[in-house]
Amino acid sequence: MRLLHRENIEDIAIGAAILGTGGGGDPYIGKLMAIDAIEEEGPVKLMDPSEVPDDALVVPTAMMGAPTVMIEKIPRGDEVLEALKMLERKFGKRALATISAEAGGLNSTIPLAVGARLHIPVVDGDGMGRAFPEIQMVTFHLHGIKASPMTMSDEKGNSVLLEAVDNHWVERLSRAVTVAMGGSAMIALYAMTGAQVKESAVHGTISLAESLGRSIREARAKKEDPIKKIMGMLNGFELFKGKVVDVKRRTVAGFARGEARFEGIDEYKGEELLIHFQNENLVAIRNGNIVASVPDLITVLETETALPITTEGLRYGYRATVLGIPCNEKWRTKKGLEVVGPRYFGYDIDYIPVEERMGRMKK
Amino acid sequence: MSLRIGIDVGGTHTDAVILDRDNRLVGAYKTPTTADVTTGIKNALNGVLKSSGVDPSEIKAAMLGTTHCTNAIVERKNLSRVGILRLGRPATLAIKPLTAFPEDLKEALGNIWYIAHGGHEYDGREISKLDEDEIRKYAKDMKSKGVEAVAICGVFSPVNPEHEKRAGEIIKEELEKIPITLSHEIGSIGLLERENAAVLNAAVTKVAENAINAFLGALKEAGVDKAKPYLTQNDGTLMSVEYAKRYPIRTIASGPTNSCRGAAFLTGLRDGVIVDIGGTTTLVSMIVKGFPRESAIAVEIGGVRTNFRMPDLISIGCGGGSVVRMTEEGVKIGPDSVGYRLPEEGLAWGGKVVTNTDIALAAGYAKIDDEKINLERLKVLDRDFVNKAVQKIVSEVEGCIDRIKTGPEAVPVVLVGGGGIIIPPEVYSRLKGASKVIRPEHFQFANAIGAAIAQVSGEVDRVFSLEKLSRDEALKTAKEMAISEAIKAGAKPDTVEVVEVDEIPLAYLPGNATRIRVKACGNLTI
């Protein structure tokens, strides 16, 4: 167990954006909420999964809905606490800790604010190791943990306790409630035991986000190139280095879909990379060959600053280094690929791990 | 004769020009920018009148682009005590107003804020009812705390501004003459950034009031008593002085914009890249339909994150006075510069520093008419070093052009600013990314000319719910709103055209809302 202070939160927010693979929402608001909570209540405890007692109740907390809504209608601040308490009442038991459902993007920071406000630890891990758009897309789901009973709260004091037959129904029903609540809601779901946390969570992702953020901060201060270091920390591959030459976008059923085309520079001169995205980056194709696909992480970093570029922020002229990062092993199972494989997102391709694809490219 | 005068305050010089009805240059004058800004403006005004010999009463419009407000924020000087009223309770309590402000700025503003009921959802529903008694109570509290300006910011006010407007009326009843800033008229979606922009605007209302009064005084003193006065804003369009007193923050970064607009005007170009090389920096921007493209990301002003619209500029430390060095990785340029001390410190002038200008002189493509220059002094420079430095200057500028462009096609490039001599004319025909390079006549007055030819605009930025409207209907509504705003601001109706349309769907929500931004512009009626 260790304590997280203001500077740690700043680093986590930057690292979380890298794990967001282009989506997951800007961690800025969540970061300010967590910092505010820490300044009023003191530092937040970060607990390794191995330290969680097997019979303890652990409840993930998160924000659901449109990040654009959240940057405008900032939360009241305690609605997420209300959601958590309501779930505790349902179980008749206090939560020993909270955990992030999604370490990529803004949901990395929400549980940190919860931990600081309620003086409970945050488990160092999450349910994705990246960002994904739907509720059943968590490793908790792969381990048979039920998303419901789920609670949702808004700033007005409305709360909903939702029980559904399966996690897909949870997604469908909670999405409708989110719209009624004004496009964003604070949620608690996937309540589980300490034993289940150990088994089902992706371990160490909050620390990972922090280390990534710190590397970028330190490298910028020393005017060094942090990208190599980041790649090492993530066991990632450089998929491409180039310049954005074209971005096409369209909206399909509430999701911002599109393609970004990169033209190679330096050793990639004369080559081309195409990224397909749906909020997050999903498939990367170099010179007609797929080099990485979901659930592996495809992250676009501005070459000069190593700061991540979101799919909303992609535009012509950016010099970017594109990284392919192996996802957690849990996503590579048959069930994992059913939930978040390329076919779920509408791409008729087989998933091949990025390290295999890159290995073949080299031969 | 009806003449226009344009004045632009830059970092080193304050320039003034006079244009006639057909936009022909009748007079031009350059004078150093002064610490108080206003004296420089007076000098420029008097200088251009005297040197051109025009009758001051012939001048029918006077346009000023000034840095008063930028300086006040950066230096934390003469800022007003601001009462901040946010409408959104019970939402938004998690992050208080001024949270991410630097401490010294927070203190300068008085740290006076309230979060009241009100505000809207993304689809226009109320979050909570506006409580008029609550607002009246806060207004009285502001009065007791000696507030000099008020900023009001409601949740989703760009979608529905009603609560901000009503709260503004109530505050006005209580505080009478105090200037009130409504956030929806300043910024777009993003509560904190918009609120910050509104707060900064309120903070500079006093500075702006004084600067504008000084400008009006200077015009009167110089006999320019038939001119309608305007201030230029950073999108290249004009504000009446009444409007500028309410929204002074819009003057920030109007200088680079004026230079851009001036370059577009001098060349007749509507779309292309403007490269403005000064003493210390090169500013590269993109004009689309004759206007600078706006930045899509949050911009910081005085250490505060805002979403106030700003021209999309790439700035690099490569100007006429930038220092050139040989390092292990090759030739390095800037970012330090000798700036206005070039005629003392530059190698060709007998100084010790090798600058971009020295390189241009040594390579032989630049000529400067200055008897203090002795080209013999440049003989110590290694030929190979000079060639590499020239290549470096060119590749730095090419890099900026490439970054600012929106497509892979080559585009026309306009080169303005006094530092432009560092680009060898022989590369004009083969500059990467450029279909041609134009160095227009009067390039050194591009900024003041940009001020003098500024147009009038109207803008809309809001989220449309697509439950009752089709996407096309929403776009049409937005365009009509922008056009009517432009006409309200003083544009000749038959010259108004839509210059920008931007649509951003809201992610992670079923497809029922989209954010549309439209801008329309037209010629000033005089």
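Residues numbered from 1 in each chain as written. Chains lettered and ligands numbered in written order. Predicted model: local features only at pLDDT ≥ 70, side-chain atom pairs only at ≥ 80, totals over all residues.

### Regarding the overall build of chain B
In terms of regular secondary structure, chain B is built from 14 helices and 23 strands. Taken across its 526 residues, chain B has 53% of its residues classed as buried. Considering only residue pairs separated by 6 or more positions, chain B has 71% of its internal contacts joining residues 24 or more positions apart. (Helix = DSSP H or I, 4+ residues; strand = E, 2+ residues; numbered from the N terminus. Buried ≥ 20, exposed ≤ 12 C-beta atoms within 10 Å, placed from the backbone. Contact = placed C-beta atoms within 7 Å.)

### Side note on the sheet that holds strand 5 (residues 82-89) of chain B
All names here are of chain B. The strand order across the open sheet formed by four strands is 6-5-7-8, and the pairing between neighbours is parallel. Of all strands in the sheet, those bounded by a partner on one side alone are strand 6 (112-117) and strand 8 (180-182). Averaged over all pairs of adjacent strands, the angle between their axes in this sheet comes to 20°, without regard to strand direction. Packed on one face of the sheet, helix 6 (residues 191-203) meets strand 5, strand 7 (149-154) and strand 8 and runs near 165° to strand 7. (Pairing = 2+ DSSP bridges. Axes fitted to C-alpha atoms, helices over the stretch in contact; angles between N-to-C directions.)

### Brief notes about the sheet that holds strand 10 (residues 238-240) of chain B
As a general point, the strands of a sheet are linked pairwise by backbone hydrogen bonds and lie either parallel or antiparallel. All names here are of chain B. Read from one edge to the other, the open sheet built from six strands follows the order 3-2-1-4-9-10, with strand pairing classed as mixed. The sheet is open, and its two borders are formed by strand 3 (25-32) and strand 10, each paired with just one other strand. Within the sheet, the average angular offset between the axes of one strand and its neighbour, ignoring direction, is 20°. In terms of strand pairing, strand 9 (residues 228-232) meets strand 10 through three bridges, oriented antiparallel. When the sheet's bridge partners are listed, Leu231 is paired in strand 10 with Met239. Strands strand 1 (3-9), strand 2 (13-19), strand 3 and strand 4 (59-65) of the sheet are contacted by helix 1 (residues 38-52), whose axis makes an angle of about 140° with strand 3.

### Observations regarding the confidence of the model for chain B
The pLDDT averaged across chain B works out to 89; a share of 97% of its residues lies at or above 70. With pTM at 0.84, the complex prediction returns an ipTM value of 0.86. (pLDDT = per-residue confidence, 0-100.)

### Topic: the pairing of strand 15 (residues 280-286) of chain A
Residue and element names in this part refer to chain A. By the criterion of burial, strand 15 is predominantly enclosed, with six of the seven residues buried. Sheet analysis places strand 14 (residues 272-278) next to strand 15, joined by six bridges and oriented antiparallel. Bridging across to strand 15, Leu273 finds its partner in Arg286. Here strand 14 folds back onto strand 15 in antiparallel fashion, the turn holding one residue, of which Asn279 has a positive phi close to 65°. Two elements, strand 15 and strand 16 (residues 289-293), share four bridges in a ladder whose sense is antiparallel. Note that in strand 16 the partner of Val283 across the bridge is Ser293. Once strand 15 ends, the chain turns through two residues before running back antiparallel as strand 16, passing Asn287 with a positive phi of about 50°.

### Regarding the domain arrangement of chain B
Residues and elements named next belong to chain B. Each assigned domain of chain B is listed here: domain 1 (1-77 + 208-252), domain 2 (80-203), domain 3 (316-444) and domain 4 (455-522). For domain 1 versus domain 2, the distance between C-alpha centres works out to 32 Å. In this assembly, six residues from domain 1 lie in contact with nine residues from domain 2. Along the lines of polarity and charge, the residues of the side of domain 1 that touches domain 2 split into four nonpolar, no polar and two charged. (Domains from an automatic or database assignment. Nonpolar A, V, L, I, M, F, W, Y, C, P; charged D, E, K, R; others polar.)

### A word on the domain arrangement of chain A
Residue and element names in this part refer to chain A. Examined at the domain level, chain A breaks down into domain 1 (2-205) and domain 2 (225-362). Once you take the C-alpha centre of each, domain 1 and domain 2 turn out to be 26 Å apart. Sorting the residues of the side of domain 1 that touches domain 2 by element identifies helix 1 (6-19) and helix 6 (139-142) as the ones contributing at least two each. Broken down by element, the side of domain 1 that touches domain 2 gets its largest block of residues, three residues, from helix 6. Class assignment for the residues of the side of domain 1 that touches domain 2 results in eight nonpolar, eight polar and one charged.

### A few points about the pairing of strand 5 of chain B
All names here are of chain B. Buried residues dominate strand 5, accounting for eight of its eight residues. Note that strand 5 and strand 7 share six bridges and pair parallel. Note that in strand 7 the partner of Ile84 across the bridge is Ala151. Where strand 5 and strand 6 come together, six bridges link them in parallel fashion. Looking at the pairing, Arg89 lines up with His117 of strand 6. In the classification by handedness, the crossover that spans strand 5, the intervening helix 3 (residues 103-109) and the parallel strand 6 is right-handed. (Right-handed = clockwise from strand over helix to strand, strands pointing away.)

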